[in-house]
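# Working through the structure, step by step
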Amino acid sequence: MGKIIAIVNQKGGVGKTTSAVNLTAALHDQGKRVLLCDFDPQANASSGMGISRRASHTSYDVIINRIPARKAVVRTEWGDVIPSSSALAGASVELIGMDRREFVLKEALESLKAEYDYIFIDCPPSLELLTLNGLCACEQILIPVQCEYYALEGLSDLMATMRAVKKRLNPNLSIFGVLLTMFDGRTNFSSQVAQEVRKHFPGKVFANVIPRNVRLAEAPSYGEPVTTYDRHSRGAIAYQAVAEEIIRQGQK
């Protein structure tokens, strides 16, 4: 039975989608069955996996038009994807009048759990109804945190939301891991931020960090993960190492 992990941080620009794409690809390289559900209206994870913005069915169709999730799955050489589209931007309003509106995504993904080892949900950079669906659909969350001055800003809001969801809607929700991104080993500052994050999340921060890397920024424009674009780059090696950590964590 697959593990469903929501990748979430309401602060934009922290490497959330980059992590969703490259962890999907890195785990797929390790022989794991992986599905990436793009639940962000910007659809950057979809294009990062080489999927056209004119996909036949998207996550919008799954939650609003209630098509079976399986029909929306697109196979790629780096793993399976349920793509997104800009139509998802209006879905929060459309969900408001629905019964069990927080659980629409959970119910949609339930039929796919047995087919995958990992299902990642790339949530939008906000704490609203789409993200709430992601938090209710998953068992655990993965939080990318950039090694910059405002790293911990907003995380208290995310933790408060997580506690509320855990109390009222998803009692099994927990933190899978915190991933340090945009780490610059040339500065003491990145190390200080990393130390601060490890202090806030004891035992939850991945040992490997994601460095600042030009190849990571370039890969999406070619519609492929960095593990294919330049598998020997520092960014690709880092995501492969984190994928190995995830596998080891699952074996415990």
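Shown above is the structure to which this text applies.
To keep things clear, this report deals only with the structure shown in the data block. (Residues numbered from 1 in each chain as written. Predicted model: local features only at pLDDT ≥ 70, side-chain atom pairs only at ≥ 80, totals over all residues. Heavy atoms only, no water.)

Check the secondary structure of the protein and you find 12 helices and seven strands. In terms of overall dimensions, the protein is globule-like: its C-alpha atoms have a radius of gyration of 17 Å, near the 18 Å expected for 252 residues. For the protein, the C-alpha atoms occupy an extent of roughly 50 × 40 × 35 Å along the three principal directions. Across the 252 residues in the protein, those meeting the buried criterion constitute 55%. Of the side-chain charges in the protein, 29 are positive and 26 negative, and the distance between the mean point of each set is 5 Å. (Helix = DSSP H or I, 4+ residues; strand = E, 2+ residues; numbered from the N terminus. Rg over C-alpha atoms; globule rule 2.2 N^0.38 Å. Buried < 20%, exposed > 50% of the residue type's maximum accessible area, 1.4 Å probe, protein only. Lys, Arg positive; Asp, Glu negative; His and termini not counted. Charge placed at Lys NZ, Arg CZ, Asp CG, Glu CD.)

Another point: the packing of aromatic side chains. Considering all chains together, one arrives at five aromatic pairs under this definition. Taken together, a centroid distance of 6.5 Å and an interplanar angle of 20 degrees make the contact between Tyr 149 and Phe 189 stacked. Taken as a pair, Tyr 149 in the loop between strand E6 (140–146) and helix H8 (155–168) and Phe 189 in helix H9 (residues 188–200) lie far apart in primary sequence, 40 residues in all. Taking relative accessible area as the criterion, Phe 189 reaches 37% and is therefore assigned partly exposed. Ring pairing ties together the aromatic residues Tyr 149, Tyr 150 and Phe 189, which thus form one cluster. (Phe/Tyr/Trp six-rings, centres within 6.5 Å; stacked < 30°, edge-to-face > 60°.)

Looking now at a nonpolar patch on the surface. On the surface, Tyr 149, Tyr 150 and Phe 189 cluster together into a nonpolar patch covering about 380 Å² of accessible area. Residue classification places Tyr 149 among the exposed positions, given a relative accessible area of 64%. (Patch = residues over 30% accessible without salt bridge, like charges linked within 9 Å, V, L, I, M, F, W, Y side chains within 5 Å. Areas by Shrake-Rupley, 256 points an atom, 1.4 Å probe, with all protein chains shown as cover. Salt bridge = Lys/Arg side-chain N within 4 Å of Asp/Glu carboxyl O.)

Another aspect to go through is the side chain of Asp 184. In this structure, Asp 184 sits in the loop between strand E7 (174–181) and H9. Of the residues examined, Asp 184 reaches a relative accessible area of 14% and is grouped as buried. Among the polar contacts listed, one links the side chain of Asp 184 to the side chain of Arg 186, at a separation of 3.0 Å. (Polar contact = N/O pair within 3.5 Å; in protein donor to acceptor, adjacent residues only side chain to side chain.)

In space, the seven strands of this open sheet follow the order E3-E4-E2-E5-E1-E6-E7, with mixed pairing throughout. Edge positions in the sheet fall to strand E3 (74–76) and E7, since each has one partner strand and no second. For this sheet, the mean inter-axis angle between neighbouring strands, taken without regard to orientation, is 25 degrees. Bridge count for strand E1 (residues 3–7) against E6 is three bridges, and the pairing is parallel. The residue bridging Ile 5 from the neighbouring strand is Gln 140, located in E6. (Pairing = 2+ DSSP bridges. Axes fitted to C-alpha atoms, helices over the stretch in contact; angles between N-to-C directions.)

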